[in-house]
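Each chain is listed here by its residues.
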Amino acid sequence: MLPEKKQILVVDDEANLRRVLSAQLGRDGYEVHTAEDGEEGLAFLKEHHIDLVITDLRMPKVDGMDLLRAALRDDPSRPVVLLTAHGTVDNAVEALKTGAFDYITKPFDQNEVRVVVKKALRTRDLASADATRDVSAAPLRGGSDRFGIIGESPPIQELYAILERVADTPTTVLISGESGTGKELVARALHENSSRRDRPFIKVNCAAIPKDLMESELFGYERGAFTGAVGSKPGRFELASGGTLFLDEIGEIPNEMQVKLLRVLQESEFERVGGIKTIHVDVRLVAATNRDLKREIAVGTFREDLFYRLNVVPIALPALRDRRSDIPHLCAHFVAKFNARLKKSIEGIEPDALERLSSHAWPGNIRELENVVERALLFADGARIRLDDLPEEIRSGATSAPGASLPLAAAAADTSLAPSTPDGLKEQVKAAMSKLERDLIERALKQTHGNVTHAARLLKISRKGLQLKMKELNLRERDPE
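Conventions and cut-offs
Residues numbered from 1 in each chain as written. Predicted model: local features only at pLDDT ≥ 70, side-chain atom pairs only at ≥ 80, totals over all residues. Heavy atoms only, no water. Helix = DSSP H or I, 4+ residues; strand = E, 2+ residues; numbered from the N terminus. Areas by Shrake-Rupley, 256 points an atom, 1.4 Å probe, with all protein chains shown as cover. Buried < 20%, exposed > 50% of the residue type's maximum accessible area, 1.4 Å probe, protein only. Polar contact = N/O pair within 3.5 Å; in protein donor to acceptor, adjacent residues only side chain to side chain. Salt bridge = Lys/Arg side-chain N within 4 Å of Asp/Glu carboxyl O. Pairing = 2+ DSSP bridges. Axes fitted to C-alpha atoms, helices over the stretch in contact; angles between N-to-C directions. Contact = heavy atoms within 4.5 Å. Left-handed = near helix turned anticlockwise from the far one by under 90°. Phe/Tyr/Trp six-rings, centres within 6.5 Å; stacked < 30°, edge-to-face > 60°. Lys NZ or Arg CZ within 6 Å of the ring centre and 35° of its normal. Expected span 1.5 Å × (residues − 1). Arc of directions from axis to C-beta. Core = buried A, V, L, I, M, F, W, Y, C linked by side-chain atoms within 4.5 Å.

K.L.:
In this structure, what is going on with the overall build of the chain? I would like to understand it.
P.N.:
Helix and strand counts for the chain come out as 20 helices and 16 strands. When the accessible surface of the chain is summed, it comes to about 22600 Å², and 49% of that surface belongs to carbon and sulfur atoms.

K.L.:
Explanation requested: helix α3 (residues 64-74) in the structure shown.
P.N.:
Note that an α-helix has 3.6 residues per turn; residues three or four places apart therefore point the same way. Looking at α3, one finds that the buried residues are G64, M65, L67, L68, A70, A71 and L72. Taking the backbone nitrogen of M65 as reference, a side-chain oxygen 3.2 Å away marks D63 as the first, capping residue of α3.

K.L.:
When you look at the pattern of salt bridges in this model, what are you seeing that I'm missing?
P.N.:
If charged atoms from side chains of opposite charge come close, those side chains can pair. For the coordinates displayed, the defined rule picks out 33 salt bridges. In this structure, the salt-bridge partner of K233 is D102, at a minimum N-O distance of 2.6 Å. With K233 in strand β9 (residues 233-234) and D102 in strand β5 (residues 102-105), this residue pair connects regions lying 131 residues apart in the sequence. Residues K233 and D102 agree in their burial class; the two are buried. Sharing partners across several salt bridges, the network here consists of D102, K119, E217, K233 and R236.

K.L.:
Honestly, the pairing of strand β14 (residues 313-316) in this entry has me stumped. Any pointers?
P.N.:
Walk down a regular strand and you will see the side chains alternate between the two sheet faces. Only one face of β14 is buried: it carries V313 and I315, and the other face, with P314 and A316, is open. Two strands pair when backbone bridges link them, and strand β6 (residues 173-176) and β14 are joined in this way by 4 bridges, in the parallel orientation. Looking at the pairing, L174 lines up with P314 of β14.

K.L.:
Which parts of the structure should I look at to understand the sheet that holds strand β10 (residues 244-248)?
P.N.:
Across a sheet, paired strands are connected by hydrogen bonds in the backbone, their directions being either parallel or antiparallel. Pairing is parallel across the open sheet formed by 5 strands, whose spatial order is β7-β10-β13-β6-β14. Edge positions in the sheet fall to β7 (201-205) and β14, since each of these pairs with one other strand and no more. On average, adjacent strands in this sheet sit at an angle of 15° to one another, irrespective of strand direction. The strands touched by helix α6 (residues 154-166) are β13 (284-289) and β14; relative to β14, the strand with the most contacts, the crossing angle is about 155°.

K.L.:
What's the story with the sheet that holds β5 in this structure? I'm lost.
P.N.:
In spatial order, the strands read β2-β1-β3-β4-β5; together these 5 strands make up an open sheet with parallel pairing. Two strands lie at the open edges of the sheet, namely β2 (31-35) and β5, each paired on one side alone. When strand polarity is set aside, the average angle formed by the axes of neighbouring strands in this sheet is 20°. With 4 bridges connecting them, strand β3 (residues 52-56) and strand β4 (residues 80-84) associate as parallel partners. Bridge assignment links I54 to a residue of β4, and that residue is V81.

K.L.:
Sorry if this is basic, but what is going on with the side chain of D37 here?
P.N.:
Looking at where D37 falls in the secondary structure, it is placed in the loop between β2 and α2 (38-47). Among the polar contacts listed, one links the side chain of D37 to the backbone nitrogen of E39, at a separation of 3.1 Å. For D37, the residues in contact, after removing those within four places along its chain, are V11, M59, P60 and K61.

K.L.:
How should I be thinking about the side chain of D56 in this particular structure?
P.N.:
Position of D56 among the secondary structure elements: in strand β3. A distance of 3.2 Å separates the side chain of D56 from the side chain of K106, its partner in a polar contact. Once you skip the residues sitting within four places of it in the chain, D56 turns out to touch V11, D12, D13, G64, L82, L83 and K106.

K.L.:
Is there a simple way to think about the packing of helix α13 (residues 327-342) against helix α14 (residues 351-359) in this case?
P.N.:
Relative placement of two packed helices is described by the angle separating their axes and the distance separating the axes. Two numbers describe how α13 lies on α14: the axes approach to 10 Å, and their chain directions differ by 115°. Helix-helix and strand crossings are classified by hand; for α13 and α14 the assignment is right-handed. For the pair α13 and α14, contact is made by I327, P328 and C331 and by L354, L357 and S358, respectively.

K.L.:
Explain the packing of aromatic side chains here, please?
P.N.:
Any two aromatic rings considered together are summarised by their centre-to-centre distance and by the angle between their planes. The full count for this structure, using the stated rule, is 8 aromatic pairs. Judged by centre distance (6.5 Å) and plane angle (35°), the ring pair of F334 and F338 falls under tilted. Here F334 and its partner F338 are both found in helix α13, 4 residues apart, which amounts to about one turn of the helix. Within the aromatic cluster, the residues linked to one another by ring pairs are F219, F237 and F270. The aromatic ring of Y103 is capped on one face by K233, whose charged end is 4.8 Å from the ring centroid.

K.L.:
Mind showing me how you'd approach helix α10 (residues 255-267) here?
P.N.:
Taking 1.5 Å per residue, 13 residues should reach 18 Å; α10 reaches 19 Å between its end C-alpha atoms and fits that length. Of all the positions in α10, only M257, Q258, L261, L262, V264 and L265 are classed as buried. Mapping the buried residues of α10 onto a view down its axis gives an arc of 160°, with all of them on the same face. Close packing links the buried residues of α10 with α8 (214-219), α9 (236-239), β10, β11 (269-271), β13 and α12 (304-310). Once α10 ends, the next one or two residues include S268, with phi positive near 60°.

K.L.:
I tried to follow the nonpolar core on my own but got confused; where do I start?
P.N.:
When a protein is soluble and globular, its nonpolar side chains tend to lie buried together. In terms of nonpolar packing, the biggest core is built from 52 residues, with L247 and I250 touching the most fellow members. Beyond its immediate chain neighbours, meaning those up to four positions away, I250 contacts L174, C206, L261, A287, A288, T289, L293, F302 and L310. Counting residues in hydrophobic clusters, the runner-up holds 24 residues, among them L330, F334, A353 and L387.

Have a look at this one:
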């Protein structure tokens, strides 16, 4: 589908504040919805696709904390930002430990709002959800899902053995692997199976933080440290004290920040930006990367001393193509997961469809497999997922190249279009995209009995966006059955 405006829900009992935020965020290019209390906000979330929630902490009926918990239960990858007065900063910090993305203190600076919103949405785009992030990391137990990790292949058995040894230690761990292999899931398993399990698990996606904000994000800042710093604010290291700090995409940290990070790892102390007081913390650090850090060291973009400080216990996660025997287990898990989420009752996957799934290259790893199973289950008409319910490039046995888009891969499988010129390739891709979009929309409308609002929600776009796309493809709205 064509890109849609990001959908933001602002929940606050102050009408003037709702108007101010709506106007500002609207000028910044977002589509803004408002609710006057938490109860109305919860109702709106149940009926609409929302990318980001901005909510006041103290409200009548349902307060910000209850709204936060409900929003995270519904979609753990959707960021929630708290609005708070100076007197409730402690509550906002507690909200961060519960899972809020960030908080903004009233009265707020427009630029601060802009930065936090941009960072939150970028984080959702970059790491919206790891392939199995909402699978609870279970205490040690047998079977194919120890530590909440699905699989019985030799590489996963080796992973279990490492986790058993290092989970309940303070040792720093560096997790490496391709995108979509489940690095955050392993980090959570380390935390949940340690004596720190009742303390905070704080995640930071280093790729989502602008370089000039990295220091204040990790170490916090004091009031007046820079323009817009209207109050002091703890950093992620402080919030994680006593628990685990997970630094995802550690290879994205700028060189000048690596020195300061190295000091924290060595001394367990730091100062906030603009502060003089030394703060001591007790943090178990887990880092992850999809980069080759040794290569980064060779070209001078990553410090060798920091690498060895992080690489105390290395965990290299296998690509899905290197653990194909686990694909049936993962598929069964995803079918059960999406049956519950989408209120479906699919019994399983037909053998020929499962064979194709098991033989696919999966350049996007577990995350790609999860998305394919979700879409197949969503549009399946029978009791089981059939070969016809799978995407064309999987049905045909074509192997997608890493990073190739679905329309391009589908188009490449159609030899009848074989282009001989760049213009021909453009037309081929355009035709493939239109065909795919039409097919998805028609199947969504069929699934929802013609209800455009519900179809838009299934496709995760706005109702208006779906109507525009239907008009472009000459698809007429029909009365619900």
